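Descriptive analysis of the structure
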Amino acid sequence: MSAFLFVTPTWDGKAWATKMAKAAPHLEMRVWPDMGKLEDIHYVAAWLPPPNVVASLPNLKVIYSLGAGVDAILGDKTLPTNVPIVRVNDDDLTNRMSEYIVMHCLMHHRQQRRLDQQQSDKQWNQFNQHAASAMTVGVMGLGVLGQDAAKKLAMMGFRVVGWSRSKKSIPNVTSFAGKSEFDAFLGETDILVSLLPATPETDGLINRSLIRKLSRKGPFGAPVLINAGRGRQQVAEDIVAALDTGELHAATLDVFKPEPLPISSPLWSHPKVTITPHNAADSEPAAICQYVADEIARFERGEPLRNLVDTTRGY
Ligand SMILES: NC(=O)c1ccc[n+]([C@@H]2O[C@H](COP(=O)([O-])OP(=O)(O)OC[C@H]3O[C@@H](n4cnc5c(N)ncnc54)[C@H](OP(=O)(O)O)[C@@H]3O)[C@@H](O)[C@H]2O)c1
């Protein structure tokens, strides 16, 4: 008997287990807190697991993250250190994130919010639009999601630069790497996109000092921010202050700290802010379950695990 356990207190674990049962019929599905005989559980899918739950499984072989980010798992400081953690790297999720990033870059670049306001005011005002090549999009985080978004933005005609820990070679994308090249990257960037993971190093990174280092050479004279990485990366008060002084032209935010964004947050009603409820890259649960089932089948054939999380780096 081999069992698969969902430890997802904030999600509907039973609905996920039904889908997983279709993708991996040879496994018995269990949903925390009804764990049954702990010895049978070989695989876990976790999201914000309570402490000591995953640690209590004596025969656990692999921990799966049901999302691309793993901060919701690594927050459990009682996780066993000898069990590999694997994250989802699924084309469906990647495509949806790139749709979001391209859409919001275009929305700001083509001044769609200004056009919406004009329509609401019944105003016919044919202001000038700029070519995409007049804007440089800077993508922070050139991993699975960042690379795909960067390539698609370059196809749209934007100039694209990217920043990551290690140097990348991506057609039509200028790569900057590490702390030493961070300021040079920011200085090129008219639209800053964050697709970084939440780690101690990226916490609070999007602050007033970063905003002041961004390019002012673009058509709007001030930069735009798009954060679809994690809310922990942004200092909300600094973003509001920079928008109010004009240091920042506009922002699209999909992620917040905390979530849901409290009603009292000034971000909700700020005229220069577009808010989405952390659904930039929602993915089809059936597609994620199929992905996990395929990875389990590979693992059971003795093939190496892919998309392993490096717990020391935090992503
Ligand atoms: N809003 C949503 O709906 C949503 C959905 C899915 C994911 N996400 C977020 O997107 C993040 C990225 O996902 P992914 O699959 O692209 O992750 P990934 O493949 O692990 O890529 C992470 C990228 O960030 C870079 N990076 C990490 N720490 C850095 C640092 N301190 N300095 C510079 N670069 C750093 C990495 O550099 P190296 O390449 O050099 O290692 C890598 O390029 C997730 O962690 C999650 O937070 C959001």
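Attention in this report is confined to the structure presented alongside it. It should be emphasised that the depicted structure is a prediction, and the values quoted were computed from it without experimental measurement.

**Structural notes on the overall build of the protein**
- Along the backbone of the protein there are nine helices and twelve strands.
- In terms of C-alpha radius of gyration, the protein reaches 21 Å, essentially the compact-globule figure of 20 Å for 315 residues.
- Seen through its C-alpha atoms, the protein measures out along the principal axes to roughly 65 × 40 × 30 Å.
- Split into buried and exposed, the 315 residues of the protein put 51% on the buried side.
- In the protein, the share of contacts with a sequence separation of at least 24, taken over all contacts with a separation of at least 6, comes to 63%.
- Here the protein contributes 33 positively and 33 negatively charged side chains, and the mean placements of these two sets differ by 4 Å.

**Concerning the packing of helix α3 (residues 91-109) against helix α5 (residues 144-155)**
- As a packed pair, α3 and α5 sit with axes 9 Å apart at the nearest point and diverge in direction by 50°. Classified by the angle between their axes, α3 and α5 sit oblique to one another. Helix-helix and strand crossings are classified by hand; for α3 and α5 the assignment is right-handed. On α5, the residues that touch Leu93, Thr94, Asn95, Met97, Ser98, Ile101, Val102 and Cys105 of α3 are Val144, Leu145, Asp148, Ala149, Lys152 and Leu153.
- When the residues that make up the contact of α3 with α5 are grouped by side-chain class, the tally is nine nonpolar, three polar and two charged.

**Some thoughts on the layout of surface pockets**
- There is about 320 Å³ of room inside the second largest pocket.
- In this structure, the second largest pocket is lined by 13 residues; those nearest its centre are Arg113, Arg114, Ala250, Pro271 and Lys272.
- Contributions of two or more residues to the lining of the second largest pocket are made by α3, α4 (112-120) and β12 (273-275).
- Broken down by element, the lining of the second largest pocket gets its largest block of residues, four residues, from α4.

**Some points on unusual backbone geometry**
- Following Trp32, the chain continues to Pro33 via a peptide bond in cis, the omega torsion being 10°.
- Secondary-structure assignment places Pro33 in the loop between β2 (28-31) and β3 (41-46).
- Cis rather than trans, the peptide bond between Lys257 and Pro258 has omega equal to 0°.
- Within the secondary structure layout, Pro258 lies in the loop between β11 (250-253) and β12.

**Structural notes on the site of the ligand**
- Taken together, 29 residues are adjacent to the ligand, and Arg87, Ser166, Lys168, Asp254 and Tyr315 come closest.
- Residue Gly143 places a main-chain N or O atom 3.0 Å away from an oxygen atom belonging to the ligand.
- In this structure, an oxygen atom belonging to the ligand sits 3.4 Å away from a side-chain N or O atom of Arg230.
- Expressed as a share of its isolated accessible area of 950 Å², the protein-covered part of the ligand is 92%.
- Listed by contribution, the elements that provide at least two residues to the shell around the ligand are α3, α5 and β7 (159-164).
- Here the shell around the ligand is built from residues that sort into 15 nonpolar, seven polar and seven charged.

**Quick notes on empty space enclosed by the protein**
- Applying the stated criterion across every chain, the model contains one cavity of 30 Å³ or more.
- The computed volume of the largest cavity comes to approximately 30 Å³.
- Of the residues in the lining of the largest cavity, the class split is four nonpolar, three polar and three charged.

**Description of the nonpolar core**
- Phe4, Met20 and Ile101 are the most contacted members of the largest nonpolar core, which totals 53 residues.
- Among residues more than four places away in sequence, those in contact with Met20 are Phe4, Phe6, Met29, Cys289, Val292, Ala293 and Ile296.
- Phe176, Ala242, Phe256 and Leu267 belong to the second largest nonpolar core, which has 26 residues in total.

**Quick notes on the sheet that holds strand β9 (residues 191-194)**
- The strand order β8-β7-β6-β9-β10-β11-β12 describes an open sheet built from seven strands, whose pairing is parallel. Sheet topology places β8 (173-177) and β12 at the edges, where each strand pairs with a single neighbour. Each strand axis lies, on average, 15° off the axis of its neighbour in the sheet, ignoring direction.
- Taken together, the five bridges between strand β6 (residues 136-140) and β7 define a ladder with parallel strand orientation. Residue pairing for β7: Val139 is matched across the bridge by Gly162.

**Things to note about the pairing of β3**
- Within β3, six of the six residues are buried, which leaves it mostly tucked inside the rest of the structure.
- Relative to strand β4 (residues 62-65), β3 is paired through four bridges, and the arrangement is parallel. The partner of Ala45 across the bridge, within β4, is Tyr64.

Cut-offs used in this document
Along each chain, residues carry numbers from 1 onward, in the same order as the chain's sequence is written. Restriction of local features to residues with pLDDT of at least 70 applies here, the model being predicted, together with a cutoff of 80 or more for giving and counting side-chain atom pairs; totals for whole chains, interfaces and linings are based on all residues. Side-chain measures here rest on the full set of heavy atoms in the structure, leaving out hydrogens and waters. Labels follow the DSSP assignment, with helices taken as runs of H or I lasting at least four residues and strands as runs of E lasting at least two, numbered in each case from the N terminus. Every radius of gyration here is taken over C-alpha atoms, with the globule rule written as 2.2 Å times N^0.38, N being the number of residues. Accessibility here uses a 1.4 Å probe with only protein chains present; expressed as a share of the type maximum, an area under 20% marks a residue as buried, one over 50% as exposed, and anything in between as partly exposed. We call two residues in contact when some of their heavy atoms are within 4.5 Å. For the purpose of counting charges, residues Lys and Arg are taken to be positive, whereas Asp and Glu are taken to be negative. His and the chain ends are not included. Charge positions come from single atoms, namely NZ of Lys, CZ of Arg, CG of Asp or CD of Glu. Every angle, taken between N-to-C directions, lies between 0 and 180 degrees, and every axis is a line fitted to C-alpha atoms, over only the stretch in contact when it is a helix. We call two directions roughly parallel when the angle between them is under 35 degrees, roughly antiparallel when it is over 145, roughly perpendicular when it lies between 65 and 115, and oblique otherwise. Should the near helix be turned anticlockwise from the far one by less than a right angle, the crossing is termed left-handed; should it be turned clockwise, right-handed. Residues are grouped as follows: nonpolar covers Ala, Val, Leu, Ile, Met, Phe, Trp, Tyr, Cys and Pro; charged covers Asp, Glu, Lys and Arg; every other residue, Gly included, is treated as polar. A cavity here means a set of points on a 1 Å grid, drawn over the protein atoms and nothing else, where a 1.4 Å probe fits but cannot get out; a pocket is an open set with protein on both sides within 12 Å along at least five of seven lines, and a residue lines either one if it has an atom within 4 Å of a point. Grid points are joined across faces, edges and corners, and a volume is the space filled by probe spheres set on the points. When at least one non-hydrogen atom of a residue lies within 4 Å of a molecule or strand, that residue is treated as near it. Here a polar contact means two N or O atoms within 3.5 Å. Within protein one must be a hydrogen donor candidate and the other an acceptor candidate, and residues neighboring in sequence count only if both atoms are side-chain atoms. Each accessible area is a Shrake-Rupley result for a 1.4 Å probe, and residues are judged covered by the shown protein chains and nothing else. Side-chain atoms within 4.5 Å are what join buried Ala, Val, Leu, Ile, Met, Phe, Trp, Tyr and Cys residues into a set we call a nonpolar core. Between any two strands, pairing holds if DSSP finds at least two bridges.

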